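Examination of the molecular architecture
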Amino acid sequence: MAIGVKVLKRPEHQVSYVRATLKGMALTFKHMFEKKVTMQYPEEKSTGSEHGMGQWSISQRWRGTHRMLTDEQGRSKCVACGLCPQICPANCIKLVPGEDERGDRYPLIYEIDEFRCVFCGYCQEVCPEEAIHVGVHYENSEYSRDRFVYDLERLSSQTHTVSTLWDPTDPKGE
Amino acid sequence: MKGFLLLSVLKMLMVFTVIMVGVALLTLMERKVSAWMQNRRGPNRVGPAGLLQPAADGLKNILKEETSPALAHRWLFLLAPAFSFIPALLLFAVIPFGAPLPVDFDFTLGPLGRFVHQGSMPMVVADLPIGFLFVLAISSMGVYGIALAGWSSNSKYALLGGLRASAQMVSYEVAMGLSLIPVLLMSGSVSLSAIVRDQQMGLWYVLPLFLSFFIFLISGFAETNRLPFDMPEAESELIAGYHTEYSAMKFSFFFIAEYANVVTVCAMVTTLFFGGWDIPFTHWDEAGGVWQSIATAGFFFVKVMFWIFFVMWIRWTLPRFRYDQLMALGWKVLMPLALAYIMVVCVAIYVIRRILGITDPIYEGLVLFGLSVVVAFLVFGILDSGTFIKGSARQRSTLNARARRAPVTS
């Protein structure tokens, strides 16, 4: 034989098809009364482990919909340094910096295209002010495409928990 | 005469309605059973517990576009679903589903004339004296629908599916027919009503004729193209087999036909081996009456539902056979087994009735039951070991031996 095929020896003479079938049927019958694993999604869902909803919870490191944090006066923490559009591999952040009367920089336009985003989380990692974050959130369906470009106001009004990104000193997340 | 006609039409309507609604619900049951066996919930969005799912499916199928392949044979392509659908429904005409119902009426209905009926009405659409042969004849017609669907689609997958289906169904037809000969030997009649009556007096045939039941069940699976014998559809190999090119309601008809076939085979198993509408351990049901009819019909329904569940259970347990294994099982195992069993039962019945002179059907059944225990042990304990499950090692070694023996021609 030209082709070397490894053939496993089976205990053919101790095996009966009918007995094997009955064994299999007993197994499937047992499964009928076991706990169902389906999560009834729209009714029961996971919105992060601290809410304790649903049978499972998504990881705290989940990188989902972005969120811009604000300071006590309700202004965004962003200082328009330009690091996040610089590092963004998908080029989905549009930032136009402005300057107020005190000489502080702030974003005139800050837009994130959620369609283009690859949710790598670099923007959160690179941000010196801890302003832009990716969040533990996954439901962002819309009726039109242009609704997926989130502006500054919309980013600031998100309320979901922010992601704790992967920490090299704590690789298992404990 | 008119009374008989009226009753027949009513029975036809009833059976047709029950089968069609039942088949629709069976699609839901199949999905539910499969889900439960896989720790899922199954369809539960449409209606309470998903009960309206068949209605939603049907509506969707009616509204879908009817596609027709450009090179298909137009008329056969149209007719094939009907060809597979009609035999499945026809078969149910001869299956008795309840104790005879006493019906007495005598009324005149305007220009239609006088309707008279007296005495008991058999709870079967057509109580044919040759019901059994009718079943064998019609069940073999189902293959036309599938073969024609495969051929007329003008598609390689459909054609292969149709070829496989016809080969498989013709092969298992043989084993199926032969496995039922012992039933005829026991009952001495080809009328299904007589077979049911005989089982009421003696034992249910599953006990004295266990091997027949077993072969019939396997052949039934093959005849209905259900797993583990669903080669004609084999998704991983043939896309969808013979109904690859069908869409919308025409596709739906194949689906309905498949489930109608399942119902019919289950009803046949019940009628031939599990006493039909008989309620065991009592003779109350044989007296005849309205309550008896209702109770026995309910009992028949429960038995058939159990077998339908069994069919689904098998489907979600066993993997698909390989095609050569399927053919080998049909021709090399089931057919010789059925033939040998006919001889065994012939001899046994001759010995019991003529030599030992036992006439009580119950004692006769018990003696044959003892025999069938021995036969079952022989078949499942000894013959089955290492026969049906075969590793490729043995086949490979025989191939190698043949290759070594053959002269080198180069």
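Our structure's up above, just so we're on the same page.
Throughout what follows, the structure given in this document is the object of discussion. (Residues numbered from 1 in each chain as written. Chains lettered and ligands numbered in written order. Predicted model: local features only at pLDDT ≥ 70, side-chain atom pairs only at ≥ 80, totals over all residues. Heavy atoms only, no water.)

**Topic: the overall build of chain B**
- Each helix and strand in chain B was counted, giving 15 helices and four strands.
- Taken against the 2.2 N^0.38 rule, which gives 22 Å for 410 residues, the C-alpha radius of gyration of chain B at 24 Å falls within 12% of a compact globule.
- Split into buried and exposed, the 410 residues of chain B put 51% on the buried side.
- Put simply, of all contacts in chain B between residues at least 6 apart along the chain, 78% involve residues at least 24 apart.
- Summed over all atoms, the accessible surface of chain B reaches about 19400 Å², with 72% contributed by carbon and sulfur.
- Distance from the positive charge centre (29 side chains) to the negative charge centre (23 side chains) of chain B: 10 Å. (Helix = DSSP H or I, 4+ residues; strand = E, 2+ residues; numbered from the N terminus. Rg over C-alpha atoms; globule rule 2.2 N^0.38 Å. Buried < 20%, exposed > 50% of the residue type's maximum accessible area, 1.4 Å probe, protein only. Contact = heavy atoms within 4.5 Å. Areas by Shrake-Rupley, 256 points an atom, 1.4 Å probe, with all protein chains shown as cover. Lys, Arg positive; Asp, Glu negative; His and termini not counted. Charge placed at Lys NZ, Arg CZ, Asp CG, Glu CD.)

**Overview of unusual backbone geometry**
- Unusually for a residue other than glycine, Asn39 of chain B sits at a positive phi of about 60 degrees.
- Looking at where Asn39 of chain B falls in the secondary structure, it is placed in the loop between helix H1 (2-37) and helix H2 (53-63).

**Topic: the sheet that holds strand S2 (residues 93-99) of chain A**
Residue and element names in this part refer to chain A.
- Reading across the sheet, the three strands line up as S2-S3-S5 and stay open at both edges, with antiparallel pairing between neighbours. Each having just a single partner strand, S2 and strand S5 (149-150) make up the two edges of the open sheet.
- Both strand S3 (residues 105-113) and S5 contribute to a ladder of two bridges, which runs antiparallel. Each residue of the ladder has a partner; that of Asp113, found in S5, is Val149. (Pairing = 2+ DSSP bridges.)

**Looking at the side chain of Ser163 of chain A**
Residues and elements named next belong to chain A.
- When you line up the elements, Ser163 lands in the segment after helix H4 (152-157).
- Judged by relative accessible area, Ser163 falls into the buried class, the value being 2%.
- Here Arg61 takes part through its backbone oxygen, which lies 3.4 Å from a polar atom of the side chain of Ser163.
- Other than its neighbours up to four places away in sequence, Ser163 contacts Gln60, Arg61, Trp62, Arg63, Gln124, Val134, Gly135 and Val136. (Polar contact = N/O pair within 3.5 Å; in protein donor to acceptor, adjacent residues only side chain to side chain.)

**Overview of the pattern of salt bridges**
- For the coordinates displayed, the defined rule picks out nine salt bridges over all chains.
- In this structure, Asp104 of chain A and Arg102 of chain A form a salt bridge, with 3.4 Å as the shortest nitrogen-oxygen distance.
- Residue class for Asp104 of chain A comes out partly exposed when judged on its relative accessible area of 38%.
- A relative accessible area of 59% places Arg102 of chain A in the exposed class.
- Residues Glu66 of chain B and Lys250 of chain B are paired through a salt bridge, measuring 3.1 Å at the closest nitrogen-oxygen approach. Of this pair, Glu66 of chain B sits in the loop between H2 and helix H3 (74-90) while Lys250 of chain B sits in helix H11 (residues 248-273), and the two are 184 residues apart along the sequence.
- For Glu66 of chain B, a relative accessible area of 41% puts it in the partly exposed group.
- What you see here is one network of salt bridges that share partners, running through Glu30, Arg226, Glu258 and Arg315 of chain B. (Salt bridge = Lys/Arg side-chain N within 4 Å of Asp/Glu carboxyl O.)

**Describing the packing of aromatic side chains**
All names here are of chain B.
- A full pass over the atoms with the stated rule returns 27 aromatic pairs over all chains.
- Measuring from ring centre to ring centre gives 5.4 Å for Phe213 and Phe274, while their planes differ by 75 degrees; the resulting arrangement is edge-to-face. With Phe213 in helix H9 (residues 210-223) and Phe274 in the loop between H11 and helix H12 (290-315), this residue pair connects regions lying 61 residues apart in the sequence. Of the two residues, Phe213 and Phe274, neither departs from the other in class, the shared state being buried.
- Here the aromatic rings of Phe306 and Phe310 are separated by 6.4 Å at their centres, their planes lie at 40 degrees, and the arrangement is tilted. Linking Phe306 with Phe310, this pair stays in helix H12, spanning four residues, or about one helical turn. (Phe/Tyr/Trp six-rings, centres within 6.5 Å; stacked < 30°, edge-to-face > 60°.)

**Some words on a nonpolar patch on the surface**
All names here are of chain B.
- A cluster of nonpolar side chains, contributed by Leu207, Ile362, Tyr363, Leu366, Phe369 and Val373, occupies part of the molecular surface with about 520 Å² of accessible area.
- Relative to the helices and strands, Leu366 is located in helix H14 (residues 361-383).
- The partly exposed category is assigned to Leu366, whose relative accessible area is 43%. (Patch = residues over 30% accessible without salt bridge, like charges linked within 9 Å, V, L, I, M, F, W, Y side chains within 5 Å.)

**Some details on the environment of Ala126 of chain B**
Residue and element names in this part refer to chain B.
- Inspection of the secondary structure puts Ala126 in the loop between strand S4 (120-121) and helix H4 (131-139).
- For Ala126, a relative accessible area of 26% gives the class partly exposed.
- Between the alpha carbons of Ala126 and Met1 there is a distance of 14 Å; along the sequence they are 125 residues apart.

**Structural notes on the pairing of S3 of chain A**
Residue and element names in this part refer to chain A.
- Note that S2 and S3 share seven bridges and pair antiparallel. Within the sheet, the bridge partner assigned to Ile93 lies in S3 and is Ile112.
- Hairpin geometry of S2 and S3 is characterised by an intervening segment of five residues between the two adjacent antiparallel strands and by a positive phi of about 90 degrees at Gly103.

**Here's the deal with helix H8 (residues 192-201) of chain B**
Residue and element names in this part refer to chain B.
- Burial within H8 is extensive, with eight of its 10 residues counted as buried.
- Every buried residue of H8 is listed here: Leu192, Ser193, Ala194, Ile195, Val196, Asp198, Gln199 and Gln200.
- Contact partners of the buried residues in H8: H4, helix H7 (181-187) and H11.

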